[in-house]
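# Chains, contacts and geometry: an overview
Given next are the chains, with one letter for each unit.
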Amino acid sequence: KAGVTQTPRYLIKTRGQQVTLSCSPISGHRSVSWYQQTPGQGLQFLFEYFSETQRNKGNFPGRFSGRQFSNSRSEMNVSTLELGDSALYLCASSSGTGEREQYFGPGTRLTVT
Amino acid sequence: EDQVTQSPEALRLQEGESSSLNCSYTVSGLRGLFWYRQDPGKGPEFLFTLYSAGEEKEKERLKATLTKKESFLHITAPKPEDSATYLCAVQTGGSNYKLTFGKGTLLTVNP
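This section reports on the structure supplied with the text. Source: prediction; values computed, not measured. (Residues numbered from 1 in each chain as written. Chains lettered and ligands numbered in written order. Predicted model: local features only at pLDDT ≥ 70, side-chain atom pairs only at ≥ 80, totals over all residues. Heavy atoms only, no water.)

The next subject is the interface of chain B and chain A. In this complex, chain B contributes 22 residues to the contact, which on the side of chain A involves 25 residues. Buried surface at the junction of chain B and chain A, both sides included, amounts to about 1,800 Å², of which 51% is carbon and sulfur. Summed over the shared surface of chain B and chain A, the result is zero salt bridges. For the interface between chain B and chain A, the tally reads ten residue pairs in polar contact (both at pLDDT 80 or more). When contributions to the side of chain B that touches chain A are tallied by element, the ones reaching two or more residues are strand E4 (30-38), strand E5 (45-50) and strand E9 (84-92) of chain B. Sort the elements by how many residues they give to the side of chain B that touches chain A and E4 of chain B lands first, with four residues. Tallied by class, residues from the side of chain B that touches chain A come to nine nonpolar, nine polar and four charged. (Contact = heavy atoms within 4.5 Å. Buried area = accessible area lost by both parts, 1.4 Å probe. Salt bridge = Lys/Arg side-chain N within 4 Å of Asp/Glu carboxyl O. Polar contact = N/O pair within 3.5 Å; in protein donor to acceptor, adjacent residues only side chain to side chain. Helix = DSSP H or I, 4+ residues; strand = E, 2+ residues; numbered from the N terminus. Nonpolar A, V, L, I, M, F, W, Y, C, P; charged D, E, K, R; others polar.)

Following this line, the structure appears as structure tokens:
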């Protein structure tokens with residue numbers, strides 16, 4: 001079974017720009033969660049999508065948004081980038097019902113200059 | 001608010017020297033406690049899920065246990081390839097699939 005894939009793996013952006021990250025979950029999984037990982041804060045939950053609907057949301061500003069498509073692929077968008085948005089963005093895939101394990105992708109390393 | 005605290009922050013062992021990592025948590029309505037391993041520059045790799053106090057799970061040199069307040073990850077006779085950051089996370093009830101993570105324990109095993 002193929003794992004979770006994320007694209008791109010690396011990104012360099014300038015302050016004020018926006019960025020879109022993509023995640024393809026494990027085949028058959030309907031839940032996709034997004035996390036931000038920084039050295040200071042560790043792993044923090046951004047939001048979760050299940051069957052194209054946002055089911056849970058973390059404590060991040062509205063500049064962070066996401067969506068999920070009918071094939072369960074998900075995108076997250078960050079607008080008006082700030083230096084503090086530099087982080088590893090991780091996507092996690094889960095069945096969304098019953099089994100509660102989440103399987104992570106390799107992440108997208110975003111650097112804001 | 002859910003809280004997860006891992007200790008120690010860093011642990012250095014000699015190959016073959018067994019030890020334990022701790023994860024203490026404060027949540028209302030625990031649905032599951034998860035252990036992950038993370039190598040530098042990679043996403044976390046799933047290891048175990050524990051659902052209720054008294055539960056234990058094993059995988060190779062790793063054994064995870066759960067009480068009502070904490071979980072332990074026991075590492076028996078570690079090898080250098082066990083070097084990684086070990087993360088603990090909790091999940092609460094209902095349709096909430098959000099994971100709340102601890103800051104992790106950086107384990108280094110010297111040959």
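What follows covers the pattern of salt bridges. Scanning the entire structure with this criterion turns up nine salt bridges over all chains. Here Glu75 of chain A ties to Arg67 of chain A by a salt bridge, and the two come within 3.2 Å at their closest N and O atoms. Owing to a relative accessible area of 15%, Glu75 of chain A belongs among the buried residues under this scheme. One salt bridge connects Lys57 of chain B with Glu55 of chain B, and the closest N-O pair in it is separated by 3.8 Å. Note on Lys57 of chain B: relative accessible area 29%, which makes it partly exposed. The exposure class of Glu55 of chain B is buried, given its relative accessible area of 19%. (Buried < 20%, exposed > 50% of the residue type's maximum accessible area, 1.4 Å probe, protein only.)

Per the counting criterion, the structure on display carries two disulfides over all chains. The partner cysteine of Cys23 of chain A in its disulfide is Cys91 of chain A, sulfur to sulfur 1.7 Å. Here Cys91 of chain A lies in strand E9 (residues 87-94) and Cys23 of chain A lies in strand E3 (residues 19-24), a separation of 68 residues in the sequence. Assigned by exposure class, Cys23 of chain A and Cys91 of chain A land together as buried. Between the sulfur of Cys23 of chain B and that of Cys88 of chain B lies a disulfide, 1.9 Å long from S to S. For the disulfide bridge between Cys23 of chain B and Cys88 of chain B, the dihedral angle about the S-S bond is near -55°, and by the sign convention the bridge is left-handed. Residue Cys23 of chain B is located in strand E3 (residues 19-26), and its partner Cys88 of chain B is located in strand E9; the two are separated by 65 residues in the primary sequence. Relative accessible area serves as the criterion here: at 0%, Cys23 of chain B is assigned to the buried category. Note on Cys88 of chain B: relative accessible area 0%, which makes it buried. (Disulfide = S-S within 2.5 Å.)

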